[in-house]
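# Commentary on secondary and tertiary structure
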Amino acid sequence: MIIELGHYALVLALATAFVQAALPIMGARLNDRALMELASSAALACFLLVAFSFAVLTFAYVTSDFSVRNVWENSHSLKPLIYKISGVWGNHEGSMLLWLLILVFFSALVATFGRNLPETLKANVLAVQAWIAVAFTLFILLTSNPFARLIPAPGEGKDLNPILQDIGLAIHPPLLYLGYVGFSVCFSFAIAALIEGRIDAAWARWVRPWTLAAWTFLTAGISMGSYWAYYELGWGGWWFWDPVENASFMPWLAGTALLHSALVMEKREALKIWTVLLAIMTFSLSLLGTFLVRSGVLTSVHAFATDPTRGVFILAILVFFIGGAFSLFAFRASRLKSGGIFAPISREGALVFNNLILTTATATVLTGTLYPLVLEALTGDKISVGPPFFNMTFGLLMLPLLFAVPFGPLLAWKRGDLAGVSQRLFAAVAVGLFFGCIYYYVMNGGPILALFGIALGVYVIVGALTDLALRSGLGKVAGNVAWRRFSGLPRSAFGTALAHIGLGVTLIGIVAVTAFETETVVEMKPGMTVDAGGYTLRFDGMRNGSGPNYSEESGHFTIMSGGVVVTDIWSSKRLYQARRMPTTEAGIRTFGLSQLYVSLGDQISEGGIVVRIWWKPMILCIWGGTLFMMAGGFVSLSDRRLRVGAPTRAKRPKTIPVGAAE
Amino acid sequence: MTRKQKRLAIIGGGVGFLTLAVLLVMFAFSQAIAYFYVPSDLAKADVPPGTRIRLGGLVEAGSVKRGDGKTVTFTVTDTLGQVPVTYTGILPDLFREGQGVVTEGTFVAGSSVFVADSVLAKHDETYMPKDVADRLKAQGVELSGKETVR
């Protein structure tokens, strides 16, 4: 009975979304307040209904109600509770319901926190959000109903794919969707602006916090996904340039560009049309990502069972929204008054440079991801575009951007002084090269490019710190004055610095791992030792064990340094009973920022086993950097300017001097 | 600079950068992509030694032999043709005889053995890489329900 209520709530949500999609927009046209105000209540109602529906599905999973087909296909009564809950979105139907839940959640947020938005804008934004909600609710109800019954109910479920039985599944998809779907708000704002034919700096001020929030969550989602794949798959890789990864990376790149262009629009009233276009593109890429992941049209290492027929429905949604948005853009963009032109050497010039490179890079990733599809359609040839392509194109394109990152915040608005800024960054370059050389020396050589890579990363970090130091007048004024100035800097200045520092840290991790990781595949018998990364591993033997729904064989390794036992590693292979599916549980030990990674292969005769051992120097920097980026996002979000964000206040003279405000 | 010059500088810079990016992409496409073959294609296509390709098909039943522990040899088949493959390393968890597989690597000059440096894993035992499924279907290989893309 409760299951049917969940299904019914979803149908009601669809009806509510229809109301929210049609009436407020009419209200905005007719200037009818009542109709416009309907949008907020409808958005809240829709959220509550979908949330109820989601709760019902969760309930079915927790109680292992195998009369629901979806639960039977993806759950097992012996599964630990946390995986029963995360299993809700560990499958196609459930993950689409989560997608929808987050979409209506964002609509509800706009309805709640958008009190100071102009009435018509708010009504239009919520209506556009509802169009998306209608499309996806229809998709779920018509093709992917998670509440379908199975009669008679089987006694036991088929269990969730073992790779998904991990804490990663509990965290990664919700974060990723908060990012992906969060960009829908930017999209809706862009479409609303086009419908109204009016856009100004205040618009950018409203859009920025949403972009920032979505971007922060997407950063977290991608980073978490990367770490999950790294430790769960047992191949020691953290990024494969796989279509499914690119699907989430493209909105991130476009979203990063949007974040920066909205800044120009807010401060200088320029780049209006471009910002609207970017907002549309970012969410279009999110939709494309959903399509690529859910339809399985591309061969991916992360592909789970997918359904091409459902893919067609998402493709239709994709075509409708992207096509519609771009047509609307083509018709209405000329109505938006374009902003002023500006000097190439200036803060806004630097941000345009950032946008140029980020969008070009997005386009390269998009080309590389879709090229196999296009080529197959045209010639029938099947190809794979892998890491070499992306490293060659994306990697090279990113270099000038990375070099330019510290320049941006240091250049003044309107008219920048390139020579002066270069002078101020001289120290950062020197420090970068110094650390590059030191690391190179410590690692006893290696590729010379690695030296410059590390130097570039350190330079980006020091460059970001230089900005903070210069703003607080460090070294020019007395220490306590500098401190007072430092603590008085706007939060967004710290946000920028943190995010840029994170970029540098991630870069250092990537360079160090790429250049200096070592991999050893050996056949080991008990008592044998192998050296990796300055440590010695001794294989002690195998042990059998079992968990709630699997059996496992674990190998024990003692790690020694200079003959002294430091720690040990357990690395195992599991066999999950319900699906008879084996998985590798790699053994990982962290030493500072570096890791030893041990995964087991096949057993050979006489108690021997094939072992793959990696030494991953500085690898934690890769994900550590994203933590800095996220921190930057949250700190920026807490900036007073964004919290206040009232349109009337924008007209008042700023208390922060121009140039200091970021 | 005048307004016009500024605009020209920005547009010129942008176009220049984009051209560079396009050239880079085209160069990378000519260098860094791997074509996908099934064994029976290889008889027709002449793949020069050293060219990176992807080879997909089914792992022939009874063909998997473990050499000195680390090196594994097996045969990839699409029922019309067979190619022997060697691979050094650890096979993915879901590598099984009779199931679909995608390998990437090169042919060494003067040998018909395909030296793979990566064997693609699947995350899900009901999943068959799309490229393999399509081509096998085209070759008329009946896939059991468990192996096809659902």
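Conventions adopted
- Residues numbered from 1 in each chain as written.
- Chains lettered and ligands numbered in written order.
- Predicted model: local features only at pLDDT ≥ 70, side-chain atom pairs only at ≥ 80, totals over all residues.
- Domains from an automatic or database assignment.
- Core = buried A, V, L, I, M, F, W, Y, C linked by C-beta atoms within 7 Å.
- Buried ≥ 20, exposed ≤ 12 C-beta atoms within 10 Å, placed from the backbone.
- Helix = DSSP H or I, 4+ residues; strand = E, 2+ residues; numbered from the N terminus.
- Contact = placed C-beta atoms within 7 Å.
- Pairing = 2+ DSSP bridges.
- Axes fitted to C-alpha atoms, helices over the stretch in contact; angles between N-to-C directions.

## Comments concerning the domain arrangement of chain B
- The domain boundaries assigned to chain B delineate domain 1 (1-31) and domain 2 (33-119).
- Of note, the centres of domain 1 of chain B and domain 2 of chain B, computed from C-alpha atoms alone, are 42 Å apart.

## Section: the nonpolar core
- With 213 residues, the main nonpolar core has C46(A), L100(A), C186(A), F189(A) and A279(A) as its most contacted residues.
- The leading source of residues in this core is helix 8 (residues 201-233) of chain A, at 17 residues.
- Here this core spans two domains, since at least three of its residues come from each of domain 1 (1-31) and domain 2 (33-119) of chain B.
- Non-local contacts of C46(A), meaning those with residues more than four positions away in its chain, are made with A13(A), T16(A), A17(A), Q20(A), V104(A), S107(A) and A133(A).
- Counting 16 residues, the second largest nonpolar core, distinct from the first, contains F557(A), L600(A), I609(A) and I613(A).

## Considerations on unusual backbone geometry
Residue and element names in this part refer to chain A.
- I151 connects to P152 through a cis peptide bond whose omega is 0°.
- Structurally, P152 can be placed in the loop between helix 6 (119-143) and helix 7 (167-196).
- The backbone phi angle of S64 is positive, close to 50°, even though this residue is not glycine.
- Looking at the element boundaries, S64 is found in the loop between helix 2 (33-62) and helix 3 (69-74).
- According to the C-beta neighbour criterion, S64 is partly exposed, with 17 such atoms within 10 Å.

## Side note on the pairing of strand 6 (residues 100-107) of chain B
All names here are of chain B.
- With six bridges connecting them, strand 2 (residues 53-59) and strand 6 associate as antiparallel partners. Pairing of G57 across the sheet is with V101, part of strand 6.
- Summarising the sheet, strand 6 and strand 7 (residues 114-120) pair through six bridges and their orientation is antiparallel. If you follow E104 over to strand 7, its bridge partner there is S118.
- Between strand 6 and the antiparallel strand that follows it, strand 7, lie six residues; G110 among them carries a positive phi value of about 75°.

## Some thoughts on the environment of T364(A)
- On the secondary structure map, T364(A) appears in helix 12 (residues 347-379).
- Considered as a pair, T364(A) and F390(A) are 26 residues apart in the sequence and their alpha carbons are 8.0 Å apart.
- With near-sequence residues (within four places) excluded, T364(A) lies in contact with T393(A), F394(A), L397(A), A21(B) and V25(B).

## A look at the sheet that holds strand 3 (residues 529-532) of chain A
Residues and elements named next belong to chain A.
- Taken in spatial order, the five strands line up as 3-4-5-6-7 in an open sheet, and their pairing is antiparallel. Sheet topology places strand 3 and strand 7 (581-585) at the edges, where each strand pairs with a single neighbour. Between one strand axis and the next, the sheet turns through 30° on average, direction left out of account.
- Where strand 5 (residues 550-561) lies against strand 6 (residues 564-576), 12 bridges are found, and the strand directions are antiparallel. Bridging from a neighbouring strand, E553 pairs with K573 of strand 6.

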